[in-house]
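# Coordinate inspection notes
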Amino acid sequence: MNILVLNLPFESRIIRRYKCSYYARGFLYPPEELLRTATIIKEFSSNKTYFLDCIAKSKGLGDVFSFVRSKRVQVIVTMLSVNFVHKDYETIKKLKNAFPNIKVIGIGYIPSHYREEFTGIDYILDNLFEERIFNALKEKDLIKGIEKFLKKPLDFDPDIIDTDNRDLIKASDYSELFCRGKTAFLHYSFGCSFGCNYCIHAYDLKPARKRSKEKVFAEILDICRRGYKNIKFLDDNITLDADFILSLRNFVKNNRIKANFYGLSRIDLINEKTASLLKEANFRRLYIGVETFNKDLQKYYKKNINVEFSGLIEKFNLLRKKGIETAVWILYHPLKENKSDVIENARKLKKLRASFVNIGVLTPYPGTDIFQKETDSIRFQMSPFMSEFAGTENIGDIERSFFLSYLKSPRSFLRYAWLAINHPVASTEIVSGLFKFGKKGSARKDFI
Ligand code: SF4
């Protein structure tokens, strides 16, 4: 059977994860879920498996048609985004119209929760897509296997594969933000054990499920042998397991690993000991969602970071002194905040002296606690996809005020000027994105 694992074409560069999607301005990650899926199919079957990332390769639907025709593709496995799900569905319907005999297996958070809206997709897979495909491959015919395992209760297996098959991708197609050299992307854990009520973890798993450390370290050795200079953990929270950071530090030292590491963290998990271990494990940057400085909003978000502002300053100082960059995210709640709150947040962020900052509008995604809690204040529709609070349409104005205020400080301005000089391509992409803020009709109204 000829199987195409396809990252669908789109009008701009986006990243599709199982439970979220965003614009890729200044960076691009491989479609990790699809890469893992292609790895499973290649490793556990004799099917002819192709992998086509239309986002990385700037391919359109016409290119996909030619590919499907020339390779005589019989099954397409793809993943639908969240914010752009209606457009992805339109693309799939066009594919099905052109090739009615091809079976389409669509992985997707929104489609698996609203199956009745996506009847044009032959088979819809939920967050256990890896296990469903793995089991389906045990049958002689993949499609018969999919039918058998489509809704069976299965358990998520973090060690289903030992490593992503990186022969399927070209390293230079992808990059981490403001980062030089080839970057490899991988997971240690999937999901998150915390309960922030707005959060969409990439794999929709709680508590987090962890891979075997030995397998992660073997994968890192292989990544280094392939000449990658940077390694980005795609985990929702790489500091969730302090023991892993300790083991990683020992592994890095014992094997004289030179690659730099990048990952996401919560600030309350950072202390003197963790910061030292991260430094010794070659961590170059942490992405940290501070989200709000307002205690009431923290409670409302169930973010529960019990750290005073002075404590936050200390923790950020700690990381900076260790030479670890910090990228900080802050949220804007359209119903509970206004422009002056955003300007106040920018003022406080300057005091944290993060390497760079970003602001995003709070989006109440279906399936999150906040979506249930605020149902009456949410505008929700499937096509075009919309799940937002009233006031979200002003996000362009809010984001501009935030950045103008943040960049007023000479230190912040110089930091961004330095980034622009050292990373001109990424910076140009980001600046051109600034002009699309709040574009009418765009599926996401914020910058990211
Ligand atoms: S800690 Fe981060 S990843 Fe985990 S639930 Fe909260 S926002 Fe989500």
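Here is a short report on the structure shown in this document. Here the structure is a predicted model, which is why all the values come from computation and not from measurement.

Further remarks concern the pattern of salt bridges. What the rule picks out here adds up to 33 salt bridges. For Glu176, the salt bridge identified is with Lys232, shortest N-O distance 3.1 Å. Here Lys232 lies in strand 11 (residues 230-233) and Glu176 lies in the loop between helix 6 (142-149) and strand 8 (183-186), a separation of 56 residues in the sequence. Taken as a pair, Glu176 and Lys232 share a single burial class, namely buried. Taken together, the shared-partner salt bridges connect Asp164, Arg166, Arg211 and Glu219 into one network.

Moving on, we come to the pairing of strand 8. Where burial is concerned, the two faces of strand 8 agree: the one with Thr183 and Phe185 and the one with Ala184 and Leu186 are both buried. Here strand 8 pairs with strand 11 via 4 bridges, running parallel. Along strand 11, the bridge assignment pairs Leu186 with Phe233.

This part covers the sheet that holds strand 7 (residues 123-125). Taken together, the 5 strands give an open sheet; going across it, the order is 4-1-5-6-7, and neighbouring strands pair in parallel fashion. Each edge of the open sheet carries a strand with a single partner, namely strand 4 (48-53) and strand 7. Strand-to-strand twist in this sheet, taken as the mean axis angle between neighbours without regard to direction, amounts to 20°. Both strand 1 (residues 2-7) and strand 4 contribute to a ladder of 6 bridges, which runs parallel. Across the sheet, the residue bridging to Asn7 is Asp53, located in strand 4.

Bringing helix 11 (residues 309-321) into the picture now. Relative to the 18 Å expected for 13 residues at 1.5 Å per residue, helix 11 spans 18 Å between its end C-alpha atoms, a close match to the ideal helical length. Burial in helix 11 covers these residues: Gly311, Leu312, Lys315, Phe316, Asn317, Leu318 and Leu319. Contacts from the buried residues of helix 11 go to helix 9 (272-280), strand 13 (283-291), strand 14 (325-332) and helix 12 (339-352). In the segment just after helix 11, Gly323 is the residue with positive phi, at about 85°.

What counts and what doesn't
Residues numbered from 1 in each chain as written. Predicted model: local features only at pLDDT ≥ 70, side-chain atom pairs only at ≥ 80, totals over all residues. Heavy atoms only, no water. Salt bridge = Lys/Arg side-chain N within 4 Å of Asp/Glu carboxyl O. Helix = DSSP H or I, 4+ residues; strand = E, 2+ residues; numbered from the N terminus. Buried < 20%, exposed > 50% of the residue type's maximum accessible area, 1.4 Å probe, protein only. Pairing = 2+ DSSP bridges. Axes fitted to C-alpha atoms, helices over the stretch in contact; angles between N-to-C directions. Expected span 1.5 Å × (residues − 1). Contact = heavy atoms within 4.5 Å.

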